[in-house]
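Structural characterization, general
Each chain, written out:
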Amino acid sequence: MDDKTFQDLVKDALELLKRKTILELTEHDISYQESAKRHSKAEKRYVENKHLFTTEQKEIVDEILDATEESNTDMNDILYIAGLKDMLHLLASYNLINLH
C-alpha cells in the first residue's frame, strides 16, 4: 500500500464523506451561515488592519488563529467520529446491526 497505511486510507475516505455531508448540512443551516458571515467580516477587518499591529501583536494573533483553526479541525474530526459511533450504537439498540 505504498507509504499510506490502511488507517490513513480509511481516514482519507472518511474525510471525503465528511466533507460532502458537512457541505450539504452547512449550506442549509441559517445559524452556521450567520456565524460564517461574522467570521468572514472579522477576518477581512483583521487583514485590512494587520499593518497597524506591531510585529509581536501580529505573531500573537496569527498564532492564536492558527491554534484555533487546528483545534477546531481536530474537534470536528472527533465529533464526526463520535456521531458515527453514536449512529452505530443506535442501530444496534434497534437490533438492526450487531456490534459484537
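First, a word on scope: everything that follows refers to the structure included in this document. Here the structure is a predicted model, which is why all the values come from computation and not from measurement.

Considering a nonpolar patch on the surface
Together, Met75, Ile78 and Leu79 give the surface a local cluster of nonpolar side chains, amounting to about 300 Å² of exposed area. You can see Ile78 is positioned in helix α3 (residues 55-93).

Looking at the pattern of salt bridges
Evaluation of the coordinates by the stated rule reveals six salt bridges. One salt bridge connects Glu15 with Lys18, and the closest N-O pair in it is separated by 3.2 Å. With Glu15 and Lys18 both in helix α1 (residues 6-27), this residue pair falls three residues apart, about one helical turn. For Arg19, the salt bridge identified is with Glu15, shortest N-O distance 3.3 Å. Of this pair, Arg19 and Glu15 both sit in helix α1, four residues apart, which is roughly one turn of the helix.

A short note on the environment of Asp62
Here Asp62 lies in helix α3. On the accessibility criterion, Asp62 (25% relative accessible area) is partly exposed. The spatial distance from the C-alpha of Asp62 to the C-alpha of His89 is 40 Å, given a sequence separation of 27 residues. In contact with Asp62, other than residues within four places in its own chain, are Tyr46 and Lys50.

Considerations on the side chain of Thr26
Its place among the elements puts Thr26 in helix α1. For Thr26, a relative accessible area of 18% gives the class buried. Those residues in contact with Thr26 that sit more than four places away from it in its chain are Tyr32 and Gln33.

Quick word on a negative patch on the surface
Negative charge collects at one region of the surface, where Glu43, Glu56, Glu59, Glu63, Asp66, Glu69, Glu70 and Asp74 lie side by side. No other element matches the seven residues that α3 contributes to the negative patch. Here Asp74 shows up in helix α3.

A look at the packing of aromatic side chains
Applying the stated criterion across every chain yields a total of one aromatic pair. Seen in terms of ring centroids, Tyr46 and Phe53 are 5.7 Å apart; in terms of plane orientation they differ by 50 degrees. Their pairing is tilted. Judged by relative accessible area, Tyr46 falls into the buried class, the value being 15%.

Regarding unusual backbone geometry
If you check the backbone angles, Asn95 has positive phi at about 55 degrees while not being a glycine. Along the polypeptide, Asn95 turns up in the segment after α3. Look at Asn95 and you get exposed, because its relative accessible area is 69%.

Rules used throughout
- Residues numbered from 1 in each chain as written.
- Predicted model: local features only at pLDDT ≥ 70, side-chain atom pairs only at ≥ 80, totals over all residues.
- Heavy atoms only, no water.
- Patch = residues over 30% accessible without salt bridge, like charges linked within 9 Å, V, L, I, M, F, W, Y side chains within 5 Å.
- Areas by Shrake-Rupley, 256 points an atom, 1.4 Å probe, with all protein chains shown as cover.
- Salt bridge = Lys/Arg side-chain N within 4 Å of Asp/Glu carboxyl O.
- Helix = DSSP H or I, 4+ residues; strand = E, 2+ residues; numbered from the N terminus.
- Buried < 20%, exposed > 50% of the residue type's maximum accessible area, 1.4 Å probe, protein only.
- Contact = heavy atoms within 4.5 Å.
- Lys, Arg positive; Asp, Glu negative; His and termini not counted.
- Charge placed at Lys NZ, Arg CZ, Asp CG, Glu CD.
- Phe/Tyr/Trp six-rings, centres within 6.5 Å; stacked < 30°, edge-to-face > 60°.

None of this, on its own, says anything about what the molecule does.
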